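Chain by chain, the residues:
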Amino acid sequence: MTDYSETTSWTSFLKSVSSFSGDLSAFTAPPFILSPVSLSEFSQYWGTYQDLFLAIAQINKHNHEAFFPQIRSVKSPNVTRMLAVLQWYLATLKCQYTSRTQGDRFEKKPLNPFLGELFVGKWENDGSKKDDTILLTEQVSHHPPVNAFSIFNEDHNIRIQGYTQIKSSFSKTLKLNIRQNGHAILETNGHSFLITLPALHLEGIIVARPYVELEDSSYIQSSDGMIWKIDYSGKGYFSGQKNSFSAYLYKNTAAMEKRDKPLFTVSGQWSGVSTITDGNKEVLFSDVSKYKPHSLRVKPISEQHCLESRKAWDDVARAIELGDMKLISQTKSKLENEQRQLRKKEEAGNTPWQNRWFEKIDIIEEQIQPDLNGNTYNKLVALSKMAGLSTKNIQSGQKLGSREHRKCNTALHWAFIQDKWLQEEDIKV
Ligand code: 0T9
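All figures in this text were calculated on a predicted structure; none of them were measured in a lab.

A. Structural detail: the environment of Gly388. Within the secondary structure, Gly388 is located in the loop between α8 (376-387) and α9 (403-407). Leaving out residues up to four positions away in the same chain, Gly388 has contacts with Lys399 and Leu400.

B. Local environment of the packing of aromatic side chains. Taken as a whole and assessed by the stated rule, the structure comprises 14 aromatic pairs. Each ring, one from Trp10 and one from Phe13, has its centre 4.9 Å from the other, and the planes form 35 degrees; the classification is tilted. You can see Trp10 and its partner Phe13 sitting in helix α1 (residues 8-18), 3 residues apart, about one turn around the helix. Per residue, the accessibility class of Trp10 equals that of Phe13, and both read buried. By way of ring pairs, the aromatic residues Trp10, Phe13, Phe32 and Phe106 are connected into one cluster.

C. Structural context of the packing of helix α2 (residues 50-58) against helix α3 (residues 77-98). Where α2 meets α3, the axes come as close as 9 Å, and the angle between the chain directions of the two elements is 165 degrees. It follows from the interaxial angle that α2 and α3 lie roughly antiparallel. Our pair here, α2 against α3, has a crossing hand that is left-handed. Of the residues in α3, those in contact with Leu52, Phe53 and Ile56 of α2 are Arg81, Ala84, Val85, Gln87, Trp88 and Ala91. The residue inventory of the contact of α2 with α3, partitioned by class, reads 7 nonpolar, 1 polar and 1 charged.

D. Structural view of helix α7 (residues 325-348). An ideal rise of 1.5 Å per residue puts 34 Å on 24 residues; α7 measures up with 34 Å between its terminal C-alpha atoms. Every buried residue belonging to α7 is among Ile328, Thr331, Leu335, Gln339 and Glu346, and all of these are buried. Considering only its buried residues, α7 is in contact with β1 (34-38), α5 (309-312) and α6 (314-322). Among the residues of α7, the N-terminal cap falls to Asp324, whose side-chain oxygen and the backbone nitrogen of Lys326 are separated by 3.1 Å. Just downstream of α7, Asn350 is the residue with a positive phi angle, here 50 degrees.

E. Looking closely at unusual backbone geometry. Following His143, the chain continues to Pro144 via a peptide bond in cis, the omega torsion being -5 degrees. Position of Pro144 among the secondary structure elements: in the loop between β4 (133-141) and β5 (146-153). Backbone geometry places Asp216, a non-glycine residue, at a positive phi of 55 degrees. Looking at Asp216, the relative accessible area reads 47%, which means it is partly exposed. A positive phi angle, close to 50 degrees, is found at Gln367, a residue other than glycine. By the element assignment, Gln367 lies in the loop between β17 (358-362) and α8.

F. View of the pattern of salt bridges. Following the criterion strictly, the structure yields 17 salt bridges and no others. Between Lys290 and Asp287 there is a salt bridge, with its nearest N and O atoms 3.0 Å apart. Put simply, Arg356, Glu424 and Asp426 are held in one network by salt bridges that share partners.

G. Representation of α8 within the structure. Taking 1.5 Å of rise per residue, the 12 residues of α8 would be expected to cover 16 Å, and the 16 Å separating its terminal C-alpha atoms lies within 8% of that figure. In terms of residue burial, α8 counts as a mostly covered element, since 10 of its 12 residues are buried. Backbone nitrogen of Tyr377 and a side-chain oxygen of the N-cap are separated by 2.8 Å at the start of α8; the cap is Asn375.

H. Local environment of empty space enclosed by the protein. Following the criterion strictly, the structure yields 2 cavities of 30 Å³ or more and no others. A volume near 140 Å³ is recorded for the largest cavity. Forming the walls of the largest cavity are 18 residues, and the residues nearest its centre are Gly182, His183, Ser390, Ser396 and Gly397. Among the elements of the structure, β7 (176-188) and α8 are those that each provide at least two residues to the lining of the largest cavity. Considering only residue class, the lining of the largest cavity consists of 5 nonpolar, 12 polar and 1 charged.

I. The arrangement of the pairing of strand β12 (residues 227-233) in detail. By the criterion of burial, β12 is predominantly enclosed, with 6 of the 7 residues buried. Taking the residues that link successive antiparallel strands as the turn, the strand β11 (residues 217-222)-β12 hairpin has 4 residues, and the phi of Gly225 there is positive, at about 110 degrees. Strand direction decides the pairing type here: β12 and strand β13 (residues 244-250), joined by 7 bridges, are antiparallel. Note on β13: the bridge partner recorded for Trp228 is Leu249.

About the thresholds
Residues numbered from 1 in each chain as written. Predicted model: local features only at pLDDT ≥ 70, side-chain atom pairs only at ≥ 80, totals over all residues. Heavy atoms only, no water. Helix = DSSP H or I, 4+ residues; strand = E, 2+ residues; numbered from the N terminus. Contact = heavy atoms within 4.5 Å. Phe/Tyr/Trp six-rings, centres within 6.5 Å; stacked < 30°, edge-to-face > 60°. Buried < 20%, exposed > 50% of the residue type's maximum accessible area, 1.4 Å probe, protein only. Axes fitted to C-alpha atoms, helices over the stretch in contact; angles between N-to-C directions. Parallel < 35°, antiparallel > 145°, perpendicular 65-115°, else oblique. Left-handed = near helix turned anticlockwise from the far one by under 90°. Nonpolar A, V, L, I, M, F, W, Y, C, P; charged D, E, K, R; others polar. Expected span 1.5 Å × (residues − 1). Polar contact = N/O pair within 3.5 Å; in protein donor to acceptor, adjacent residues only side chain to side chain. Salt bridge = Lys/Arg side-chain N within 4 Å of Asp/Glu carboxyl O. 1 Å grid on protein atoms, 1.4 Å probe; cavity = no way out; pocket = protein on both sides within 12 Å on 5 of 7 lines; lining within 4 Å. Points joined across faces, edges and corners; volume = space filled by probe spheres on them. Pairing = 2+ DSSP bridges.

Okay, here's the thing in structure tokens:
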């Protein structure tokens with residue numbers, strides 16, 4: 001393998017990066033670090049482990065004891081469900097943050113989705129259509145870039161929706177720091193869960209082998225009151241292992257704030273093995289390598305709509321695979337110019353771009369009430385309140401009392417509108 005860090009293009013790229021502030025998508029990076037895949041495909045990682053995802057919806061008061069037989073002290077379906085949510089969530093982290101860097105591969109710069117870009121697909125579960133899990137993804141905003149997604153399985157009565165908006169900045173040591181705004185909300189059989197999105201950074205940039213490491217904390221607040229606090233750390237921090245975490249289950253936020261003894265503590269590697277302390281005994285909690293990843297079925301490009309990601313980016317993706325810098329910039333410019341023309345037309349005709357399946361919800365203006373039985377956004381407000389977290393447009397998972405919270409005065413979020421999907425005529429999964 002060639003050592004990319006020795007190449008002049010990488011050196012000059014690093015130079016341009018070190019004076020960077022603001023928009024990462026504006027960078028012209030050398031071809032070897034470009035990925036032919038759009039960022040809008042990343043939402044599929046939430047659904048890769050279908051078995052773990054659907055298991056959350058199966059737990060009830062009659063069968064819950066069968067789910068974690070190795071953990072003796074689990075006594076209620078709600079606790080079991082919280083364990084199942086964590087087990088699924090940890091597996092999604094492996095997909096989201098390490099699946100592109102397995103073996104000798106490294107993180108590459110994904111294609112920057114255009115406004116209205118769609119990525120859709122399905123996971124076929126037992127062959128019957130009714131049992132499929134559907135994925136819908138839409139780039140709902142370009143400045144700033146926001147990607148919204150909805151994943152649902154009607155038959156199993158489980159759904160998750162959310163959105164991400166990333167902010168990045170380079171540190172002096174050429175570490176790329178990434179903060180995410182947004183959240184994911186999981187709903188199943190009358191239970192809901194607010195999942196905050198962790199902060200991360202990219203290491204290994206100087207040697208041209210970037211990879212992601214998570215940092216700080218994230219939360220999973222359940223409508224039943226319980227909350228997981230998950231702390232992340234990397235190599236050489238407190239454990240010395242990469243992708244380390246400790247997760248603490250509390251009966252409620254007050255118990256978490258008081259630093260009461262957690263109901264359970266799970267720790268290990270989110271990309272590998274973790275254990276749970278059950279009384280004084282440590283037993284296996286999860287081993288991600290044992291679960292079967294399900295691949296998403298995506299229509300062949302010939303059957304896709306022109307707004308669908310793989311079709312729209314096809315020429316660019318091929319140029320990237322060829323490593324042909326000139327062709328890459330030609331094909332990319334073509335797409336970007338078309339986008340600019342579209343925006344001009346919209347402005348001239350006073351006909352702004354219409355979002356397809358998602359709508360902007362203003363939580364402050366529209367006075368959305370906290371209600372665990374209401375629609376998803378009443379739940380968002382209620383769950384955030386339970387967790388003591390801000391609903392403003394700041395980094396995901398920040399506390400109500402934080403400086404960021406006090407400084408910000410907008411609370412605009414993206415909500416999935418199911419009816420819009422039911423009325424959809426042009427896009428098929
Ligand atoms: C939401 C996820 C996110 C998107 C990616 C930072 C990153 C773009 C955002 C946060 C997903 O649910 C989870 C996983 C990976 C994140 C990406 C990793 C990454 O490298 C990119 C950034 C924008 C780059 O492409 C940096 C280019 C770098 C290779 C050049 C030095």
